[in-house]
Amino acid sequence: MFGAIVGDIIGSVHEWSGTKTKDFPLFVEHSTFTDDSVLTVAITDWILTGGNLVDFLHTYTESFPHRGYGGFYYRWATARSREPYNSFGNGAAMRVSAVGFAFETMDEVLTWSKRSAEVTHNHPQGIRGAQATAAAIYLAREGGIRDRMKHALEAQFGYDLGARLDDIRPAYAFNETCQGTVPQGLIAFFESTSYEDAIRNAISLGGDADTLACITGGIAEAYYGGVPRELEAAAMPRLDSRLAAVVSRFRERFGPSTRAGSESVRDQDSGSRVRGGVGCRGSGVSD
Ligand SMILES: [Mg+2]
């Protein structure tokens, strides 16, 4: 999930700029974390701690106001509403990455990504966006072959992942829906050669850049086995220390690419196993 946060920070200055090139400095003076990072950490904390996700979303949003939240979401959070509002916004996908890293089976990843979305984004496209993003991370983590990952995600979620970035880019514009962001974020990963290249791909589409880079970044982190050290060194000082502390807890427990461990931890709420040990993770499409 740290890869999602680094993507958000790099993308933060491109959100409204319509950047259509891969040639830009990764970090500039104003690069900072946005709502995508805050809510990614809220979900991460929920997974680590247990409890009611709505409370985590309310508390984190209140603690980190004015970070570029979507209008409907911000009204929902600041009113302390507890009812979902049928959103299919890309917020469901940008906050979900920890789920893809934390669970042992695809069934659990799909179940928990749905839970992470439906407290606000209970529209089928909102749930689908979260599940597809988390499933991609899970498959990437498992060492999935990209072509097979692509076909599995197309079959399961109905997205068309056949387009190339060069075909998408000219007409693509800011889009804050799941169905207008997640397929493009996946394609940005599928065309990448490294974590950094994946982030550059996502931002080069000229859309909701921080969210695209956040979605792509989580998948690329899983696939390439972590975030390059120099990017981590530049991103960490730009992250609030309270958020960084949760990131550290998560990475200590799950690691960006850790495969080994000794204990299996049972989540108090559900009995679902979260990853913490060498377990059997069922995946149809990994080698
Ligand atoms: Mg944002």
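Residues numbered from 1 in each chain as written. Predicted model: local features only at pLDDT ≥ 70, side-chain atom pairs only at ≥ 80, totals over all residues.

### Observations regarding the overall build of the protein
The helix and strand inventory of the protein stands at 15 helices and 2 strands. In the protein, which comprises 287 residues, the share counted as buried stands at 51%. Considering only residue pairs separated by 6 or more positions, the protein has 72% of its internal contacts joining residues 24 or more positions apart. (Helix = DSSP H or I, 4+ residues; strand = E, 2+ residues; numbered from the N terminus. Buried ≥ 20, exposed ≤ 12 C-beta atoms within 10 Å, placed from the backbone. Contact = placed C-beta atoms within 7 Å.)

### Section: the environment of Asn86
Mapped onto the secondary structure, Asn86 falls in the loop between helix H4 (71–78) and helix H5 (91–94). On a C-alpha basis, the gap between Asn86 and Pro124 in space is 8.4 Å, while along the polypeptide they are 38 residues apart. Those residues in contact with Asn86 that lie beyond four places of it in its chain are Asn122 and His123.

### What to know about unusual backbone geometry
Apart from glycine, the bulk of residues carry a negative phi angle, and the bulk of peptide bonds sit in the trans form. Here His66, not a glycine, exhibits a phi torsion of approximately 55°, which is positive. Note on placement: His66 falls in the loop between helix H3 (53–63) and H4. With phi around 55°, Arg80 is a residue other than glycine that occupies positive phi space. Within the fold, Arg80 resides in the loop between H4 and H5.

### Section: the confidence of the model for the protein
Of the residues in the protein, 89% reach a pLDDT of 70 or more, and the chain-wide mean stands at 90. Taken together, the stretch residues 257–271 has pLDDT below 50 and engages in 22 contacts with residues farther than four places along the chain or on a different chain. Confidence over residues 276–287 falls short of pLDDT 50; this stretch has 35 contacts with residues more than four positions distant or in other chains. (pLDDT = per-residue confidence, 0-100.)

### Observations regarding the packing of helix H2 (residues 35–49) against H3
Across the interface, H2 lies against H3 with an axial gap of 9 Å and an inter-helix angle of 145°. Note that H2 runs across H3; the crossing there is right-handed. Contacts between H2 and H3 pair Val38, Leu39, Val41, Ala42, Asp45 and Trp46 from the former with Leu53, Phe56, Leu57 and Tyr60 from the latter. When grouped by side-chain class, the residues that make up the contact of H2 with H3 number 9 nonpolar, no polar and 1 charged. (Axes fitted to C-alpha atoms, helices over the stretch in contact; angles between N-to-C directions. Left-handed = near helix turned anticlockwise from the far one by under 90°. Nonpolar A, V, L, I, M, F, W, Y, C, P; charged D, E, K, R; others polar.)

### Focus: helix H13 (residues 209–224)
For an α-helix, 3.6 residues make a turn, and residues three or four places apart therefore share a direction. With 16 residues, H13 extends 21 Å between its outermost C-alpha atoms, agreeing within 8% with the 22 Å of an ideal straight helix rising 1.5 Å per residue. Most of H13 is tucked away: 16 of the 16 residues are buried. Phi turns positive one or two residues past the end of H13, at Gly225, with a value near 80°. (Expected span 1.5 Å × (residues − 1).)

### Quick word on the environment of Gly158
The topology assignment puts Gly158 in the loop between helix H9 (146–157) and helix H10 (165–168). For Gly158, a count of 11 C-beta atoms within 10 Å puts it in the exposed group. For Gly158 and Pro183, which are 25 residues apart along the polypeptide, the C-alpha to C-alpha distance reads 9.8 Å.

### Section: the packing of helix H1 (residues 2–11) against H2
The contact between H1 and H2 brings their axes to 8 Å, and the two run at 165°. Viewed along their axes, H1 and H2 adopt a mutual orientation that is roughly antiparallel. Handedness of the H1/H2 crossing: left-handed. Touching Ala4, Ile5, Asp8 and Ile9 of H1 are Asp36, Ser37 and Thr40, all from H2. Taken together, the residues of the contact of H1 with H2 break down into 3 nonpolar, 2 polar and 2 charged. (Parallel < 35°, antiparallel > 145°, perpendicular 65-115°, else oblique.)

### Concerning helix H8 (residues 124–141)
Over its 18 residues, H8 extends 25 Å from the first C-alpha to the last, a length consistent with the 26 Å expected when each residue adds 1.5 Å. Counting buried residues in H8 gives 17 out of 18 residues, a clear majority hidden from the surface.

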